[in-house]
Amino acid sequence: QVQLVESGGGLAQPGGSLRLACAASGSIFSIDAMGWFRQAPGNQCELVARITNDVGPIYADSVKGRFTISRDNAKNMVYLQMNSLKPEDTAVYYCNMFATRIGQLAAMHYWGEGTLVTVSS
């Protein structure tokens, strides 16, 4: 089993910053990609940022220049530094990993339970 646990959500003022963290635990053999998605009320879930083993990080246009994704392979962790936050960044943020478990042949997507980010004055 693979478990993802997010932390770091909360309330921030417009223009402020928050840092999200996601820790993966369990019988992980390898991680191909790590990323963050978000879902605002009434909206579909959307990709925020993703980082893979093959290519550099990619970002949604709406967060480019403001958010930075990074990973710590040794700790199986992924982070999302969010600066210059806007009210429209308010959403539940979900950690995602595309990983292969020990003893399995194919990678699968795993999701955290989400952490709420609220940007409001």
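Look up: the structure comes first, before these words.
Caption draft 1: Representation of the pairing of strand β5 (residues 46-52) in the model. In this sheet, β5 lies alongside strand β4 (residues 28-39) in antiparallel orientation, the contact comprising six bridges. Across the sheet, Met34 pairs through a bridge with Ile51, a residue of β5. Hairpin geometry of β4 and β5 is characterised by an intervening segment of six residues between the two adjacent antiparallel strands and by a positive phi of about 80° at Gly42. Both β5 and strand β6 (residues 58-59) contribute to a ladder of two bridges, which runs antiparallel. Residue Ala49 lies in a different strand from β6, and its bridge partner there is Tyr59. Remark: five residues form the turn of the hairpin made by β5 and β6, two consecutive strands paired antiparallel.

Caption draft 2: Seen up close, unusual backbone geometry. With phi around 55°, Asn76 is a residue other than glycine that occupies positive phi space. The residue Asn76 is located in the loop between β7 (67-72) and β8 (77-82) in this model. Positive phi values are uncommon outside glycine, yet Ser84 reaches one of about 50°. For Ser84, the location among the structural elements is in the loop between β8 and β9 (91-101).

Caption draft 3: Structural detail: the state of the cysteines. What the rule picks out here adds up to one disulfide. At a sulfur-sulfur separation of 2.1 Å, the disulfide partner of Cys22 is Cys95. One disulfide, between Cys22 and Cys95, carries an S-S torsion of -85° and so falls in the left-handed class. With Cys22 in strand β3 (residues 18-26) and Cys95 in strand β9, this residue pair connects regions lying 73 residues apart in the sequence. The pair Cys22 / Cys95 is uniform in exposure class, with both members buried. In this structure Cys45 is a free cysteine whose sulfur lies 12 Å from that of Cys95, the closest cysteine sulfur available.

Rules and cut-offs
Residues numbered from 1 in each chain as written. Predicted model: local features only at pLDDT ≥ 70, side-chain atom pairs only at ≥ 80, totals over all residues. Heavy atoms only, no water. Pairing = 2+ DSSP bridges. Helix = DSSP H or I, 4+ residues; strand = E, 2+ residues; numbered from the N terminus. Disulfide = S-S within 2.5 Å. Buried < 20%, exposed > 50% of the residue type's maximum accessible area, 1.4 Å probe, protein only.

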